[in-house]
Amino acid sequence: MVHRKHFTGAAKVRTVAGVTATLAPAPRSSLAPAFAAAAGLAAAVGVGRFIYTPLLPIMADAHRISAHDGAVIATANYAGYLLGAILLTRWPELNSRNIFRLSAALLIVSEALMAVPAPALFGAALRLIAGVTSAVVFVACAGVAARHGSSRDAAGIAFSGVGFGIALTGLLVLAVRPFLGWQSMWLVSAVLTAVLLLPTVGLDIQPGRRAGKATIRSTGAWRALLVAYFLEGLGYIVIGTFLVAAVSDQRGQVVGSAIWVVVGAVAVPTTVLWGVAARRWAPAVALPIALLAQCVSAVLPAVSTAVWPAVLSATLFGATFMGIVMLAIRVGGELSDSGAAAPLTAVYGAGQMLGPLVVAPVIGDSYPAAFAIAAVVLAAATIAAGMVTRLIRRT
């Protein structure tokens, strides 16, 4: 994600997941690097992180894992992503071409090894590795998107790869489920990740520098933003992890996989649309609107197991989860001169890691109860974001 942008003289400064790079402005160039970065983001996030969502109910039906084990394995992946982001923030020089290629290879291998029948602890270890490596790939590709070009088309193209990758995972499961078991699906996902990463081999990946200490313009608004973003990480990941499993449990795995395709397809254009909304209303105004819409996406599966509420939930979720990230980081950029991305990424990652653990005690009995918890958390995030808006207007 491109977390922050500002200009100092003729130089362009970008902060990505806490890693800041200063680059000389370049003339408008080919969008080929943006498309390559989009493929990398599709591999790192859409497949590398979220292939687990449509495969979770299939693995549970095959008695490979229990619902509780599924939550623990998911948490390991999110903990790995948080660890990767922290490492890159602390040592931005790790964002290099060699580390990127090593991480890409480990991501592919970790997915392939998920096909091995083994205790849940083994799966958790593999997903931890996948989390760390997907963070490395993500930051590298996002950094490339930040540099290419002066056009806002580059970032829009690159980050649409996240939704594209999510849609691919749903389509993959729909296509091969009648013929393959969960083990073969993990192997196919590893091949898909490798194919998506091929265009990234030639990307110009450059280390960043450590972000300086932030100067906060409104301490109250900043603290409220941190709370809102932590709660968003905790709430959104419950939907992102268990929506497909819940729908599959009630309506079958075909419908569950189709719901995940809806999430990805809707997510593709959303960062552009929320960018337009932010320019029209200001990011601090658009953020609570997006959070409220995502709260509704959690309420729907909590109160109904019918198909159409699930479709609407998937639509609202796909339309908001990437937009909220973009808006929150832009608000952070308005409140801070520098260094906003690092603490925001940390609190978001911490919430994301805790989400599955918070709902794990109720998952075995009721998916709707898990979504109800997520809805309450997201309602609190919406209130906190509203406080951010009010405090910014005061200052």
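For the structure, see preceding data.
Overview of the structure. (Residues numbered from 1 in each chain as written. Predicted model: local features only at pLDDT ≥ 70, side-chain atom pairs only at ≥ 80, totals over all residues. Heavy atoms only, no water.)

The secondary structure content of the chain amounts to 14 helices and four strands. Out of the 395 residues belonging to the chain, those deemed buried represent 57%. Put simply, of all contacts in the chain between residues at least 6 apart along the chain, 83% involve residues at least 24 apart. For the chain, the accessible surface area stands at approximately 14,700 Å², while carbon and sulfur atoms represent 69% of it. (Helix = DSSP H or I, 4+ residues; strand = E, 2+ residues; numbered from the N terminus. Buried < 20%, exposed > 50% of the residue type's maximum accessible area, 1.4 Å probe, protein only. Contact = heavy atoms within 4.5 Å. Areas by Shrake-Rupley, 256 points an atom, 1.4 Å probe, with all protein chains shown as cover.)

Looking now at helix α1 (residues 32-47). The first and last C-alpha atoms of α1 sit 21 Å apart over 16 residues, in line with the 22 Å expected at 1.5 Å per residue. Of all 16 residues in α1, 14 are buried; the element is thus mostly enclosed. (Expected span 1.5 Å × (residues − 1).)

A few words on the environment of Ala-245. With respect to the element layout, Ala-245 can be found in helix α8 (residues 219-251). Judged by relative accessible area, Ala-245 falls into the buried class, the value being 4%. Taking C-alpha positions, Ala-245 is 7.1 Å from Pro-54, a pair spaced 191 residues apart along the chain. Not counting the four nearest positions on each side in its chain, Ala-245 is found in contact with Leu-56, Pro-57 and Tyr-367.

Right, let's get into the packing of aromatic side chains. One pass over the structure, following the stated rule, counts eight aromatic pairs. Look at Tyr-81 and Phe-138: their rings are 6.3 Å apart centre to centre, the planes differ by 75°, and that puts the pair in the edge-to-face class. Highlighted residues: Tyr-81 in helix α3 (residues 67-90) and Phe-138 in helix α5 (residues 120-147), separated in sequence by 57 residues. Side by side, Tyr-81 and Phe-138 carry an identical accessibility label, which is buried. Of the aromatic side chains, those joined through ring pairs into one cluster are Tyr-229, Tyr-236, Phe-317, Phe-321 and Tyr-348. Over the face of the ring belonging to Tyr-81 we find Arg-49, whose NZ or CZ atom lies 4.2 Å from the ring centre. (Phe/Tyr/Trp six-rings, centres within 6.5 Å; stacked < 30°, edge-to-face > 60°. Lys NZ or Arg CZ within 6 Å of the ring centre and 35° of its normal.)

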